[in-house]
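Spelled out from the first residue to the last, the chains are:
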Amino acid sequence: MAYARACSVALVGVEGVVVEVQADLEPGVAAFTLVGLPDKSLVESRDRVRAAVVNSGAEWPQKKLTVGLSPASVPKGGSGFDLAVACAVLGAAERIDPASIADVVMIGELGLDGRVRPVRGVLPAVLAAAEAGYEHVVVPEQTAGEAALVPGVSVLGVRSLRQLIAVLCDEPVPDEAVADRGRPDAMLAGLMVPGTGLGAGLAPASSRGDGHRPDLADVAGQPRPRKALEVAAAGGHHLLFSGPPGAGKTMLAERLSAVLPPLTRQESLEVTAVHSVAGILPPGEPLVSRAPYCAPHHSATMQSLVGGGNGMPRPGAVSLAHRGVLFLDEAPEFSGKALDALRQPLESGHVVVARAAGVVRLPARFLMVLAANPCPCGRHTLSGAGCECPPSTVRRYQARLSGPLLDRVDLRVEVEPVDRADLLGQGERGESTAVVAGRVREARERAAARLTGTPWTTNSEVPGHELRTRLLAAPGALASAERDLERGILTARGLDRVLRVAWTVADLRGAGRPEAQDVAVALELRTGIQRGAPMGAGAR
């Protein structure tokens, strides 16, 4: 029987579905039919595969050829099926042994000359193959390091279809020319999507190619915002900076990702999978080990923030910032529709995008930082600065950040203008990123030890019911928070978030549980009302 099968993976969001690629040869007029719900780029693989097979020295079968992609009900797209289609056809033509490819997952695009080009989404595809029980994977040579991150899977990186045929047939493996190291490798073009990367706000501005890494010591003054930044990093709490232009809101936000601790192995795999699908994984760096940073422009649409696009939805900014920082500069300038779409991921840690092509669940557990001016001109809170915005304009501008969205923000800090002494270096220099990051790491270790045996690792993830029944504060510590709840200053959700922040402040202080001063610091950071709590209460 002129039949053979191989396997590949179809990506649905950041999750993969193993697809069986079946090839059948029958007597009749030479034709190539591809079935199984392919998209336009996959339909075009017929011509790519035919040219690649012929230019690799193999004979193309002159019979009626039918290639089926099963399960047929799952939408399939992209050029990553080329390698599996070519091997299934060659197996049906008995050029290679069909049994040698029956349980092998193959991912890669074929050039017309038979070279195997890398594609996006290799890591989530190999993860899906491993979960389905497959042990052997063939990928392009450039992405072999990314595929090797998955334990328990044997990875073969190939440079051309000729090499793969030789390996499967136990023939001498031919040598392939290596690209000139003096110029960029054109084969890596399939891994990066034009318009993404540094230019899309995926790295702090001060670390984009000039070799300088952002440091908290560069920030002049601002003791209260610096303390809020430390608390946010230690507990994973969302943060709002409000103040006039030039006060340092963006500088502080850009340094937050460096304060966060390195990602764990599981978190690194999650982030790498999202970045691989989105096409922003840097070549030569198969594993993301540091917390990502994403700062979309205020003109970003709702689809670019939460995910979407034509056909099957793709990851948006909230997913690109998974396990990292999402910074929304000039937050009131974002559309209200886009900002309100952030409510679901802020609570659940994931986003569900429904489109005609299907429903996709994307990870989105990020630390959100908002920066806002007090009015359109930014001078409303400055004395003698000459703000000419009418009161109605100021109210309308500030109301663009809706109450339900702000209720999910744990820390709200006013960033005051820097005085002359701090700006000219006459004041005391602030702590460096390394010092603050050390305290943050110790605080997170205390929280993780306390939450051992639970599904949570940081204070911001703990439900309010657990905080009120099992993880109790010191007796009488919540008296001021309860009064604010009765007066309507705090909502029920706001009280839970104050408790979470108080636990983080206590962890930074090295205390066993929150006391009255920790709750006072949490209330002051949330409401902005001065309560006489020293901001140094969070440090040892």
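The structure contained in this document is the topic of the report that follows. Quick caveat, the model's predicted, so the values are computed rather than measured.

Its location among the elements puts Q163 in helix α6 (residues 161–168). Assessed through its relative accessible area of 13%, Q163 is described here as buried. Polar contacts involving the side chain of Q163 include one to the main-chain carbonyl oxygen of P174, which spans 3.2 Å. In this structure, Q163 is in contact with V158, V173, P174 and E176, ignoring residues within four places of it in sequence.

Attention now moves to the sheet that holds strand β15 (residues 367–372). Judged by pairing direction, the sheet is parallel, and its five strands sit side by side in the order β11-β12-β15-β10-β16 without closing on themselves. A strand with exactly one partner marks an edge of an open sheet, and here the two such strands are β11 (293–294) and β16 (411–414). In this structure, strand β12 (residues 325–328) lies alongside β15, joined through four bridges in parallel fashion. Residue pairing across strands places L326 opposite M368, the latter belonging to β15.

Attention now moves to the pairing of strand β1 (residues 3–12). Alignment of β1 against strand β2 (residues 15–26), held across ten bridges, turns out to be antiparallel. Of the residues in β2, the one forming a bridge with A10 is V17. Connecting the antiparallel pair β1 and β2 is a turn made up of two residues, with G13 showing a positive phi of about 70°.

This brings us to the side chain of S160. Inspection of the secondary structure assignment puts S160 in the loop between β9 (154–158) and α6. Given the relative accessible area of 0%, S160 is considered buried. Side chain to side chain, S160 and E176 meet in a polar contact 2.8 Å long. When neighbours within four sequence positions are excluded, S160 is seen to be in contact with G114, R115, V116 and E176.

Turning next to unusual backbone geometry. A cis amide bond links S70 with the next residue in sequence, P71, at an omega value of 5°. Note that P71 resides in the loop between β4 (64–70) and α3 (82–92). You will see that D170, though not glycine, has its phi angle at about 55°, which is positive. Within the secondary structure layout, D170 lies in the loop between α6 and α7 (223–235). Phi at Q222 is positive, roughly 55°, even though this residue is not glycine. Position of Q222 relative to the elements: it lies in the loop between α6 and α7.

It is the contact of α7 with helix α21 (residues 492–509), at a shortest axis distance of 9 Å, that shows an interaxial angle of 100°. Comparing their axes, α21 and α7 come out roughly perpendicular. Only V501, T504, V505 and L508 of α21 make contact with α7, whose side of the interface consists of E230, V231, A234 and G235. Here the contact of α7 with α21 is composed, by residue class, of five nonpolar, two polar and one charged.

The end-to-end C-alpha separation of helix α10 (residues 265–278) is 20 Å, in line with the 20 Å expected for 14 residues at 1.5 Å each. For α10, the full list of buried residues reads E267, S268, L269, V271, T272, A273, V274, H275, S276, V277 and A278. Residues of α10 that are buried in the fold lie against β1, α4 (122–131), α5 (144–147), α12 (317–320) and β14 (358–363). Phi turns positive one or two residues past the end of α10, at G279, with a value near 80°.

Cut-offs used in this document
- In this numbering scheme, every chain counts its residues from 1 along its sequence in written order.
- Only residues with pLDDT of at least 70 are given local features in this predicted model, and only at 80 or more are side-chain atom pairs given and counted; all residues enter the totals for whole chains, interfaces and linings.
- Excluded from the side-chain calculations are hydrogens and water; all other atoms, namely the structure's heavy atoms, are used.
- The way it works is that DSSP assigns letters per residue, a run of H or I at least four long becomes a helix, a run of E at least two long becomes a strand, and they are numbered from the N terminus.
- Throughout this description, buried means an accessible area under 20% of the type-specific maximum (1.4 Å probe, protein chains only), exposed means over 50%, and partly exposed covers the range between.
- Within 3.5 Å is the distance limit for a polar contact, defined as a pair of N or O atoms, with the added protein rule that one can donate a hydrogen and the other accept it, and that residues adjacent in sequence qualify only through two side-chain atoms.
- Every residue pair with non-hydrogen atoms within 4.5 Å of one another is taken to be in contact.
- At least two DSSP bridges between two strands are required for those strands to pair.
- Helix axes are fitted to C-alpha atoms over the stretch in contact, other axes to C-alpha atoms as well, and angles between N-to-C directions run from 0 to 180 degrees.
- Angular relationships are summarised with four words: roughly parallel below 35 degrees, roughly antiparallel beyond 145, roughly perpendicular across 65 to 115, and oblique for the angles in between.
- When residue character is reported, Ala, Val, Leu, Ile, Met, Phe, Trp, Tyr, Cys and Pro are called nonpolar, Asp, Glu, Lys and Arg charged, and the others, Gly included, polar.
- The span expected for a helix works out to 1.5 Å for each residue beyond the first.

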